[in-house]
Amino acid sequence: TAGITQAPTSQILAAGRSMTLRCTQDMRHNAMYWYRQDLGLGLRLIHYSNTAGTTGKGEVPDGYSVSRANTDDFPLTLASAVPSQTSVYFCASSETTSGGNEQFFGPGTRLTVL
Amino acid sequence: GQNIDQPTEMTATEGAIVQINCTYQTSGFNGLFWYQQHAGEAPTFLSYNVLDGLEEKGRFSSFLSRSKGYSYLLLKELQMKDSASYLCAVRGGDYKLSFGAGTTVTVRA
């Protein structure tokens, strides 16, 4: 079972360029999330989706957009990358947003914006 | 907003016990999670508390006091493989998870 996959594993991007980080889960989870992890700050929620067709903003949404066209995929797009978006990006999913349903995390994408 | 505090680093000896504290102030409460994260890897789920008291899972236990906004993760019989970062996360009234910055535990032989 693949669980949750992310691509690419790492990327160096020139400032001003756009990029889409891909995330796919095969667990048929309803909810999906995008986090960024920076040293000393912990994981911060960028965007989330409670179910296919819906999305919402997290704690740090500026400069990022998402879509949820189907259950399995939740891509994150940086329209015009800036150096402050250098981070490790984790995609996660959970069966629902309530109860004891834990979030499962993908392996992460390490992004460097120069 | 959410405020979640945990110590930055802890060091312990193999075979010993370590307790990682987490205090929180959140808008609403719908559960507290602990995750383990090895360097360069994704976080993995350890425990979930929503009611006051102790939840035990093998060598790991997690405690919650909602009235005090306090939780701890207890790691017993420490092994070298337990060297990792431990993340405290609170699900607030909006059902979103807010994470602490993590506690890096180093286990020494």
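Scroll up for the structure.
Okay, so let's go over this structure. Values in this document were obtained by computation on a predicted structure and should not be read as measured data.

**Points about the state of the cysteines**
So, step 1. Here the structure, examined in full by the defined rule, presents two disulfides over all chains.
So, step 2. Covalent S-S linkage joins A:C23 and A:C91, the inter-sulfur distance amounting to 1.9 Å. Disulfide A:C23-A:C91: the torsion about the S-S bond is -70°, which places it as left-handed. Here the residue A:C23 occupies a position in strand β3 (residues 19-25), and A:C91 occupies one in strand β9 (residues 87-94), the gap between them amounting to 68 residues.
So, step 3. Residue A:C91 is classed as buried on the basis of its relative accessible area, which comes to 0%.
So, step 4. Across a sulfur-sulfur distance of 2.0 Å, B:C22 and B:C88 are joined as a disulfide pair. Measuring the twist about the S-S bond at about -70°, one finds the B:C22-B:C88 disulfide to be left-handed. Separated by 66 residues along the polypeptide, B:C22 in strand β3 (residues 18-25) and B:C88 in strand β9 (residues 84-91) bring together distant segments of the chain. An identical accessibility class is assigned to B:C22 and B:C88; each is buried.

**Let's talk about the pattern of salt bridges**
So, step 1. Under the criterion given, the structure shown has seven salt bridges over all chains.
So, step 2. Ionic pairing is found between B:E56 and B:K76, a salt bridge with its closest N-O pair at 3.6 Å. Of this pair, B:E56 sits in strand β6 (residues 53-57) while B:K76 sits in the loop between β8 (70-75) and β9; the two residues are 20 residues apart in sequence, bridging distant segments of the chain.
So, step 3. Using a relative accessible area of 55% as the deciding quantity, one classes B:E56 as exposed.
So, step 4. Note that B:D94 and B:K96 form a salt bridge whose closest N and O atoms lie 4.0 Å from each other.
So, step 5. A residue is classified by how much of its surface remains accessible, and B:D94, at 43% relative accessible area, is partly exposed.
So, step 6. Three or more residues are tied together by salt bridges with common partners; here these are A:R36, A:D38 and A:R44.

About the cut-offs
Residues numbered from 1 in each chain as written. Chains lettered and ligands numbered in written order. Predicted model: local features only at pLDDT ≥ 70, side-chain atom pairs only at ≥ 80, totals over all residues. Heavy atoms only, no water. Disulfide = S-S within 2.5 Å. Helix = DSSP H or I, 4+ residues; strand = E, 2+ residues; numbered from the N terminus. Buried < 20%, exposed > 50% of the residue type's maximum accessible area, 1.4 Å probe, protein only. Salt bridge = Lys/Arg side-chain N within 4 Å of Asp/Glu carboxyl O.

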